[in-house]
Amino acid sequence: MIHELFGVRIDDRSSTELKDLFQKWIESDRSHVIVTPNAEFLLIARKQDEFKALLNQSDLSLADSVSIRYAIAALTNETLMHRHPGVDLLDELCFLA
């Protein structure tokens, strides 16, 4: 599922989905960009269109902080099911590589 806050895309994927995706990416010949927006990123993106565009051009945009989960619940009729802090993603990517 894909959510949007202040014009920034937030992908909502399970750990299993991410492992499968990362494995495909590691085996591919192409580089990929992953961003992990938090509340501060979203506030900056509201004021800086260039930053917002960079976030939205990424291959994957995963909620880094629990504040994103709360914001989606408060500002939309949706629920963010999965949150993946950047440090955990890096650990998983290193393990897979």
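Everything here concerns the structure above.
Calculation notes
- Residues numbered from 1 in each chain as written.
- Predicted model: local features only at pLDDT ≥ 70, side-chain atom pairs only at ≥ 80, totals over all residues.
- Heavy atoms only, no water.
- Helix = DSSP H or I, 4+ residues; strand = E, 2+ residues; numbered from the N terminus.
- Polar contact = N/O pair within 3.5 Å; in protein donor to acceptor, adjacent residues only side chain to side chain.
- Contact = heavy atoms within 4.5 Å.
- Core = buried A, V, L, I, M, F, W, Y, C linked by side-chain atoms within 4.5 Å.
- Buried < 20%, exposed > 50% of the residue type's maximum accessible area, 1.4 Å probe, protein only.

### Details of the side chain of histidine 3
Inference 1: Locating histidine 3 in the fold gives a position in strand 1 (residues 2–5).
Inference 2: For histidine 3, the side chain forms a polar contact with the side chain of aspartate 12, separated by 2.9 Å.
Inference 3: Beyond its immediate sequence surroundings of up to four residues, histidine 3 is in contact with Val8, Arg9, Ile10, Asp12, Ile72, Glu78, Thr79 and Leu80.

### Regarding the nonpolar core
Inference 1: Core analysis: the biggest nonpolar cluster contains 11 residues, these being Leu5, Val8, Ile10, Val35, Leu42, Ala45, Leu55, Ala63, Ile68, Ile72 and Leu80.
Inference 2: Listing elements by their share of this core, those giving two or more residues are strand 2 (8–11), helix 2 (39–47) and helix 4 (66–75).
Inference 3: Beyond its immediate sequence surroundings of up to four residues, leucine 42 is in contact with Leu5, Phe6, Val8 and Ile68.
Inference 4: Within the second largest apolar cluster, 7 residues are counted, among which are Phe22, Trp25, Leu60 and Leu89.

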